[in-house]
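Residue-level listing of the chains:
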Amino acid sequence: MPVLEQTAVVRAHDLGFIRKYVFSTDHKIVGLQYFFTAFAMAIVGGLLSVLMRLQLAWPSQMWPALEQIFPKGMAGGVMAPEFYLSLQTMHGTIMAIFVLTALFTGGFGNYLIPLQIGARDMAFPLLNMLSYWVYLLSCITIIIAFFVEGGAPISGWTAYAPLSTVPEAGPGQGAGQTIWILAIALFTVSSMLGVLNYITTILQARTKGMYMKRLPLNIWGMFSSSLISILVFPVLLGAGVLLLADRIAGTSFFVPAGLVMGEKILSHSGGHPLLWQHLFWFFGHPEVYIVIVPAMGIAAEILATFIRKPVFGYKIMAVCWIAIVALSLIVWGHHMFVSGMNPLLGGVFALTTLLITIPSAILVLCWVVSLWDARIQFTSPMLFALGFISVFVTGGLGGFFLGSAWTDIPLHNTYFVVGHFHLTMAVSPLFAAFAGVYYWFPRMFGRMMSECLAKVHFWITITGAYAVFLTMHVIGIGGMIRHSYDPTQYAFMRSLQPLNVFVSYAAFALASAQLVFIFNFIWSLFRGRKAVANPWKANTLEWTAPAPIPHGNWNGPLPTVHRWPYDYALAADRDYLPQDAPGSYIGG
Amino acid sequence: METVIRQRASVPRPHVTRDELEPSLFETSSPKFGMWLFIVSDALTFGALLAGCGFMRLLSPQWPVQTQVFDMRLITFMTFMLISSSAVMAMAVAAARNRNRPHAIRFLLATIAGGIVFLGCQAYEWVHFIHEGARPFSNPWGVPQFSASFFVITGFHGLHVLSGVALLATVAVRALFDKYSAEGIELAGLYWHFVDLVWVFVFAFFYLL
């Protein structure tokens, strides 16, 4: 008797609006829900950074209009220091976790994994739906932190102890920090439900002929990222349990003896803040790979389509991603070079950190070699994929200085770090995400986005991103310290102020360019040119499903796969050959 | 437009069977594979907690001698109960595979009983410990991290046992009404064995070492 693998094939017309579009178990709807929620969170996180840039360029300037919106944080129109710190905490938390982590595996992964491997749905559709609703709950929870007594937490997205352990540490460290922990715990649960699905689906529900060595590169990225998630998010959950115990039950895992907070000596004793840093960064560093690896996968997938020739180094790339999964678990100490660490251990972590640059560099090499002698089509998704490579390389070069303990120590507390991780972890994944939206928009909504507006969006975004974050590297070498709410506070930083003003103007231009994207997205949703069946002439399976894609993805039997996805330029009369085309094609 | 979609959607689609897919790399079903993944991730949460408590212990100038604080006979009995329940659970899985429903139900109930006895002993231990003056932030025997570790680790493990009992009870009730599958019982069994294995680590690292 054949084992029933997926029973989620429900006839869509049986379902009402609510079951079909709101509480849906269809991976495509869940993916879009993830996508739009992460998008909304990105707007919130982006606006927070605009407020921070206002303060950094013109500290102590009056902004009476903002007082109307934030009566406490902007009392008298001037930003309070603790409000600046809470903006910084929330910007980091929202962007790193609630936007980027959710957007790639949750948004793109959910939508594309079953379609690209030839499955009707995820392995566990109900868990998949739950994953989204817990994610939405975690997003609402983190936003609530702004509105409780004392406001949002001020301890940074890393929630460093002992700042995060006691309410006396400052406004926002009471209810705000507790809500922050709850939101992160909810997100962890949601992520767990999601990645359980992604890994199981990729390994168990591939259609006939879709061997592992025929998986699209995007799926390899999603798979590697999910593997990291399942190994490190549980550790964050464990750390959160200990932190919550410190805050609520009065234990002292992270609080040392004799700590003075809020002008009184705390009764805690015997804990150690370094324990939090170890546990947090065991999650925190792999977290950047959770974001960047699927971004690499999307960029590689799009690159492979628009070079119109077989991509170079398919197997090498897959091996590199798996190597990154393994190495990402043993590099966390490079965040702690200045926290107090045995120099020998510092040397070990520097070595492992430099080791992980090898697979990253090989990946870049594969992409560059793929571009060699290619008939590149400069469509908007391709531009963003190339932008991804450019920004990733530039950001990655800064990594050499920060990954080596010896050069990290003078740079660690400066804007060099801010510039570096924004280029690698924020801007380059966003480029991949934009590339993905422009590329799969016709598949998702049946219409094309405007190429002209997309190119305007691209050129302003890449110029703006470099202007903001390369300048931050320079400001950092100049000595501007991180977490400082007023750069004019110290004499040695005052000469850098014109550069800070420049960064702010560039950041506002960068933020405004995103309005072009939002306009293009909404306009194309209703007025865009109707898309043809396979607009980019790509080989992967998602383009073989009917439009609009029904619940269950293919009406007849599942497509059977006969080849890898990158058979381009086979012969003069054969530009591309989809994965499900039968028979073996011999040129001519 | 709407009618076109409706027509398309009403085309009956077959259920996907294993034969239409690439064979599983691990020769296993998806639910079982998913349960293994969950166990890996849950093990890492316990790993974080145990590592955190180990860090605390290394940091502390001295650590209380566990045998002077805890009644080791009770702890050994609890360990024995949990491990025996795991053995009985394996018999329930074997019975379910042989389609012997009455036996499967009987063994499931015995497993649940083992879990409940364990939880009862643990509740007694907590009450006793608190009665003797242990608090999350202080205790009469030494560093506060000793009692803090106790509460966090045994509490978190106890919650897992509790959810395991709930899961087994659900499976048993479904078996009673003949709405069960051998695989469902096997999955619950996997989880139960995992919870027991974690206890072996807790027993070794917290009570014995």
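Computed from a predicted model, the values in this text were never measured in an experiment.

Details of the overall build of chain B
Along chain B, the regular secondary structure elements total 7 helices and 1 strand. Reading the helices (α) and strands (β) of chain B from amino to carboxyl end gives α-β-α-α-α-α-α-α. Computed over the C-alpha atoms, the radius of gyration of chain B is 22 Å, more than 25% above the 17 Å expected from 2.2 N^0.38 for a compact globule of 209 residues. Structurally, chain B occupies a C-alpha span of about 75 × 45 × 30 Å along its principal axes. Expressed as a percentage of its 209 residues, the buried residues of chain B come to 36%. Here the contacts in chain B between residues at least 6 apart in sequence split such that 76% fall between residues at least 24 apart.

Here's the deal with the overall build of chain A
For chain A, the helix and strand inventory stands at 16 helices and 5 strands. Taken over C-alpha atoms, the radius of gyration comes to 24 Å for chain A, in line with the 25 Å a tight globule of 588 residues would show. Structurally, chain A occupies a C-alpha span of about 80 × 55 × 50 Å along its principal axes. Among the 588 residues that make up chain A, the fraction classed as buried is 55%. For chain A, the share of sequence-separated contacts (at least 6 apart) that also reach a separation of at least 24 residues comes to 79%.

Digging into the packing of helix α8 (residues 273–306) of chain A against helix α13 (residues 415–445) of chain A
Residues and elements named next belong to chain A. Packing of α8 against α13 brings their axes to within 9 Å, and their N-to-C directions diverge by 40°. Judged by the angle between their axes, α8 and α13 are oblique. Relative to α13, α8 is oriented so that their crossing is left-handed. Along its contact with α8, which presents Val288, Val291, Ile292, Ala295, Ile298, Ala299 and Ile302, the element α13 presents Thr424, Met425, Ser428, Pro429, Ala432, Ala435, Gly436 and Tyr439. A breakdown of the residues in the contact of α8 with α13 according to their chemical character gives 12 nonpolar, 3 polar and no charged.

Comments concerning helix α5 (residues 101–131) of chain B
All names here are of chain B. Given a rise of 1.5 Å per residue, 31 residues ought to cover 45 Å, and the 45 Å separating the end C-alpha atoms of α5 matches this to within 8%. Within α5, the full set of buried residues consists of Ala104, Ile105, Phe107, Leu108, Thr111, Ile112, Gly114, Gly115 and Phe118. Residues of α5 that are buried sit in contact with α4 (72–97), α6 (144–176) and α7 (182–208). Where α5 terminates, the next one or two residues include Gly133, which has phi positive at roughly 110°.

So, the packing of helix α14 (residues 451–477) of chain A against helix α16 (residues 497–527) of chain A
Residues and elements named next belong to chain A. Taken N-terminus to C-terminus, the directions of α14 and α16 make an angle of 155°; their axes are 8 Å apart at the nearest point. Overall, the two elements α14 and α16 adopt an arrangement that is roughly antiparallel. For the pair α14 and α16, the crossing hand works out as left-handed. Tallied by class, the residues present in the contact of α14 with α16 amount to 20 nonpolar, 6 polar and no charged.

Focus on the confidence of the model for chain A
Here chain A averages 92 in pLDDT, while 97% of its residues score no lower than 70. Under a pLDDT of 50 for its full length, residues 1–12 of chain A has, in the predicted model, 33 contacts with residues more than four places off or in other chains.

A look at the nonpolar core
If you look at the biggest cluster of nonpolar residues, it comprises 232 residues, and the most contacted ones within it are Val99, Ile199, Ala299, Met317, Phe388 and Ala435 of chain A together with Leu108 of chain B. Apart from residues lying up to four places away in sequence, Leu108 of chain B is in contact with Ala92, Leu168, Val171, Ala172 and Ala175 of chain B.

Description of the confidence of the model for chain B
Residue and element names in this part refer to chain B. Residues at a pLDDT of 70 or more form 91% of chain B, whose mean pLDDT is 90. Confidence drops under a pLDDT of 50 for residues 1–14, and excluding neighbours within four residues, the segment shows 16 contacts in the predicted structure. Overall fold confidence (pTM) sits at 0.93, and the ipTM for the predicted complex is 0.91.

Points about the pairing of strand β4 (residues 568–571) of chain A
All names here are of chain A. Bridge count between β4 and strand β5 (residues 574–576): 2 bridges; the pairing is antiparallel. Within β5, the position partnered with Tyr568 by the bridge is Tyr576. Hairpin connection, β4 to β5: the antiparallel pair is bridged by 2 residues.

Remarks on unusual backbone geometry
Excluding glycine, a negative phi dihedral is what most residues carry, and trans is how most peptide bonds are arranged. Residue and element names in this part refer to chain A. Looking along the chain, the bond that leaves Ala161 and enters Pro162 is cis, with omega of 0°. Looking at the secondary structure, you find Pro162 in the loop between α5 (125–144) and α6 (175–204). The omega torsion across Ala547 and Pro548 is -10°, close enough to zero to call that bond cis. With respect to the element layout, Pro548 can be found in the loop between α16 and β4. Positive phi values are uncommon outside glycine, yet Arg308 reaches one of about 55°. Mapped onto the fold, Arg308 is located in the loop between α8 and α9 (314–327). Residue Arg308 is classed as partly exposed on the basis of its 15 C-beta neighbours within 10 Å. For Asn553, which is not glycine, the phi torsion reads 70° and is therefore positive. Within the secondary structure layout, Asn553 lies in the loop between α16 and β4.

Points about the environment of Cys121 of chain B
Residue and element names in this part refer to chain B. Within the secondary structure layout, Cys121 lies in helix α5. As for Cys121 and Tyr191, which are separated by 70 residues in sequence, their C-alpha atoms are 21 Å apart. Apart from residues no more than four positions distant in its own chain, Cys121 is found in contact with Leu74, Phe77 and Met78.

A closer look at the environment of Leu365 of chain A
Looking at where Leu365 of chain A falls in the secondary structure, it is placed in helix α10 (residues 343–371). Looking at Leu365 of chain A, the number of C-beta atoms within 10 Å reads 14, which means it is partly exposed.

A few points about the environment of Met341 of chain A
Residue and element names in this part refer to chain A. Along the chain, Met341 turns up in the loop between α9 and α10. Note on Met341: 18 C-beta atoms within 10 Å, which makes it partly exposed. Measuring from C-alpha to C-alpha, the distance between Met341 and Ile362 comes to 31 Å, with 21 residues separating the pair along the chain. Among all residues touching Met341, those that are not within four sequence positions of it are Gly333, Met336 and Gly346.

Rules and cut-offs
Residues numbered from 1 in each chain as written. Chains lettered and ligands numbered in written order. Predicted model: local features only at pLDDT ≥ 70, side-chain atom pairs only at ≥ 80, totals over all residues. Helix = DSSP H or I, 4+ residues; strand = E, 2+ residues; numbered from the N terminus. Rg over C-alpha atoms; globule rule 2.2 N^0.38 Å. Buried ≥ 20, exposed ≤ 12 C-beta atoms within 10 Å, placed from the backbone. Contact = placed C-beta atoms within 7 Å. Axes fitted to C-alpha atoms, helices over the stretch in contact; angles between N-to-C directions. Parallel < 35°, antiparallel > 145°, perpendicular 65-115°, else oblique. Left-handed = near helix turned anticlockwise from the far one by under 90°. Nonpolar A, V, L, I, M, F, W, Y, C, P; charged D, E, K, R; others polar. Expected span 1.5 Å × (residues − 1). pLDDT = per-residue confidence, 0-100. Core = buried A, V, L, I, M, F, W, Y, C linked by C-beta atoms within 7 Å. Pairing = 2+ DSSP bridges.

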